[in-house]
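Each chain is listed here by its residues.
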Amino acid sequence: MAMCSGFCPHVPSLFRAKPISSSRIKPLLSFTVKAFSSQTSNPQAKDDVASNVGFLGIGIMGLPMAQNLLKSGCNVTVWNRTKSKCDPLITLGAKYESSPEEVAAGCDVTFAMLADPGSAVDVAFGKHGAANGLGPGKGYIDFSTVDGSTSKLISDRIKATGASFLEAPVSGSKKPAEDGQLIFLTAGDKPLYERVAPYLDIMGKSRFFLGDVGNGAAMKLVVNMIMGSMMASFSEGLLLSEKVGLDPNVLVEVVSQGAISAPMYSVKGPSMVQSHYPTAFPLKHQQKDLRLALGLAESVSQPTPIAAATNELYKVAKSYGLSDHDFSAVIEALKAK
């Protein structure tokens with residue numbers, strides 16, 4: 001059965017996975033080329049993938065991810081605790097169900113993007129959770145950033161229904177989600193990974209399969225631990241440059257042209273100088289990820305003194321009422337009060 005109605009730009013994913021030589025005749029249609037990890041697999045044939053997909057959790061990340069699926073012609077059923085957040089998707093043609101259970105029951109594969117471990121567990125197998133609507137032949141893919149233990153717990157409950165499970169936390173925030181430039185860090189059921197690869201290609205620019213459940217969660221926590229620490233150090237530099245009479249805007253330009261350049265600095269630096277923190281990745285989630293990363297490090301007796309100090313800084317920022325601001329607002333924790 002076809003995965004999507006109408007023309008789906010992701011179907012010819014063979015063009016993305018294997019760049020066409022310039023010596024060949026140019027195709028009649030041009031396709032966006034996306035870089036994939038060497039760990040990615042050969043794309044599935046269109047008829048081998050699911051025809052109906054569910055999406056649970058329509059927030060900062062879930063909304064643009066589901067929008068990209070819809071805009072590619074996919075049949076999408078959505079759910080969110082606050083129904084009004086689903087309205088833009090319903091306008092685009094999405095179907096709405098009143099519980100995760102109903103979404104999972106009516107879909108071949110169901111994606112979930114929740115804020116924290118508690119929410120991920122509740123939506124997966126709490127009252128009216130997705131597990132109640134799952135069964136053999138169905139798949140559940142969790143994009144949420146959680147610890148390995150939580151991911152394994154969800155996996156066990158989902159697999160007990162006869163369904164398949166894949167953890168797939170994403171690296172990237174609001175803008176990459178809107179642009180379909182996310183990075184998927186997947187682990188779990190390999191056949192399910194192969195099955196949903198075309199969907200991941202719609203929403204992201206690359207995907208990694210990392211083996212057993214827990215590895216995807218661990219990779220995401222390590223990545224976000226590094227990111228949070230980088231932002232804290234960048235914040236210190238911005239404030240120090242200003243204190244000694246330098247223009248912090250010039251610092252942003254200098255950093256963007258050197259060996260330590262990172263898109264995060266050039267994108268967020270100018271607004272940080274203006275004490276403006278438009279939310280792309282909430283500060284409370286960054287602190288949550290640091291806390292989970294510290295727990296991961298503790299489980300293997302790995303010293304992480306920089307991340308530990310960074311976590312305390314984010315906790316101070318939260319105490320200033322900045323939880324729902326972008327994580328770049330951590331700079332406020334370093335300003336004299």
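Residues numbered from 1 in each chain as written. Predicted model: local features only at pLDDT ≥ 70, side-chain atom pairs only at ≥ 80, totals over all residues. Heavy atoms only, no water.

Enquirer: Give a description of the overall build of the protein that names residues and reports values.
Expert: From N to C terminus, the protein includes 13 helices and 9 strands. Within the protein, counting contacts between residues at least 6 apart in sequence, those at least 24 apart form 69% of the total. (Helix = DSSP H or I, 4+ residues; strand = E, 2+ residues; numbered from the N terminus. Contact = heavy atoms within 4.5 Å.)

Enquirer: Explain the packing of aromatic side chains to me, and be specific about the residues and the numbers.
Expert: Summed over the entire model, instances satisfying the criterion amount to 9 aromatic pairs. A ring pair is formed by F55 and F111, whose centres lie 6.2 Å apart and whose planes are at 45 degrees; its orientation type is tilted. Here F111 lies in strand β4 (residues 109–112) and F55 lies in strand β1 (residues 52–56), a separation of 56 residues in the sequence. Each member of the pair, F55 as well as F111, is classed as buried. Between F111 and F143, the ring centres sit 5.1 Å apart and the planes meet at 10 degrees, which makes this aromatic pair stacked. Remark: F143 occurs in the loop between β5 (139–142) and α6 (148–159) and F111 occurs in strand β4; sequence separation between them is 32 residues. (Phe/Tyr/Trp six-rings, centres within 6.5 Å; stacked < 30°, edge-to-face > 60°. Buried < 20%, exposed > 50% of the residue type's maximum accessible area, 1.4 Å probe, protein only.)

Enquirer: An account of the packing of helix α5 (residues 117–125) against α6 is requested, with residue identities and associated values reported.
Expert: Contact geometry of α5 with α6 gives a least axis separation of 10 Å together with a crossing angle of 0 degrees. In terms of orientation, α5 and α6 fall into the roughly parallel class. Where α5 approaches α6, its residues P117, A120, V121, A124 and F125 are matched on the opposing element by T150, L153, I154, R157 and I158. Here the residues of the contact of α5 with α6 are counted per class, giving 8 nonpolar, 1 polar and 1 charged. (Axes fitted to C-alpha atoms, helices over the stretch in contact; angles between N-to-C directions. Parallel < 35°, antiparallel > 145°, perpendicular 65-115°, else oblique. Nonpolar A, V, L, I, M, F, W, Y, C, P; charged D, E, K, R; others polar.)

Enquirer: Talk me through a nonpolar patch on the surface; I want residue IDs and the actual numbers.
Expert: Residues V222, I226 and L296 make up a contiguous nonpolar surface patch of about 210 Å² in total accessible area. In this structure, I226 sits in helix α9 (residues 215–243). A relative accessible area of 44% means that I226 is categorised as partly exposed. (Patch = residues over 30% accessible without salt bridge, like charges linked within 9 Å, V, L, I, M, F, W, Y side chains within 5 Å. Areas by Shrake-Rupley, 256 points an atom, 1.4 Å probe, with all protein chains shown as cover. Salt bridge = Lys/Arg side-chain N within 4 Å of Asp/Glu carboxyl O.)

Enquirer: Kindly report on the pattern of salt bridges, identifying the contributing residues and their values.
Expert: For the structure on display, the rule yields 9 salt bridges. Its salt-bridge partner being D122, residue R81 comes within 2.9 Å of it at the nearest N-O pair. Of the two residues, R81 is situated in the loop between β2 (75–79) and α3 (87–91) and D122 in helix α5; the sequence distance between them amounts to 41 residues. A relative accessible area of 53% places R81 in the exposed class.

Enquirer: Before we move on, could you go through unusual backbone geometry and cite the residues and values that matter?
Expert: Located in the positive-phi region is H128, a residue other than glycine, with phi close to 60 degrees. Mapped onto the elements of the fold, H128 is located in the loop between α5 and β5. In this structure, S275 is a non-glycine residue whose phi angle is positive, near 55 degrees. Overall, S275 belongs to the partly exposed group, its relative accessible area being 39%.

Enquirer: Which residues make up the environment of V76, and what are the values?
Expert: When you line up the elements, V76 lands in strand β2. Accessibility expressed as a relative area gives 4% for V76, which makes it buried. Apart from residues no more than four positions distant in its own chain, V76 is found in contact with V53, F55, L69, L70, A94 and K95.

Enquirer: Account for the environment of S99, with residues named and values stated.
Expert: With respect to the element layout, S99 can be found in the loop between β3 (95–96) and α4 (100–106). Taking the relative accessible area as the measure of exposure, S99 reaches 7% and is therefore buried. For S99 and G133, which are 34 residues apart along the polypeptide, the C-alpha to C-alpha distance reads 9.8 Å. Leave out the neighbours within four places in its chain, and S99 touches W79 and H128.

Enquirer: With reference to specific residues and values, describe the side chain of S328.
Expert: Its location among the elements puts S328 in the segment after α13 (305–319). On the basis of relative accessibility, which here comes to 2%, the residue S328 falls in the buried class.

Enquirer: Can you break down the nonpolar core residue by residue, with the values?
Expert: With 33 residues, the main nonpolar core has F55, M65, L69, F111 and F143 as its most contacted residues. Elements supplying a minimum of two residues to this core: β1, α2 (62–71), β2, β4, β8 (182–188) and α8 (190–203). The dominant element in this core, judged by the number of residues it contributes, is α8, at 7 residues. When near neighbours in sequence (up to four residues on either side) are disregarded, F111 contacts V53, G54, F55, L56, L69, I141, F143, V196 and Y199. M231, L238, V255 and Y265 belong to the second largest nonpolar core, which has 30 residues in total. (Core = buried A, V, L, I, M, F, W, Y, C linked by side-chain atoms within 4.5 Å.)

These figures capture arrangement, not role.
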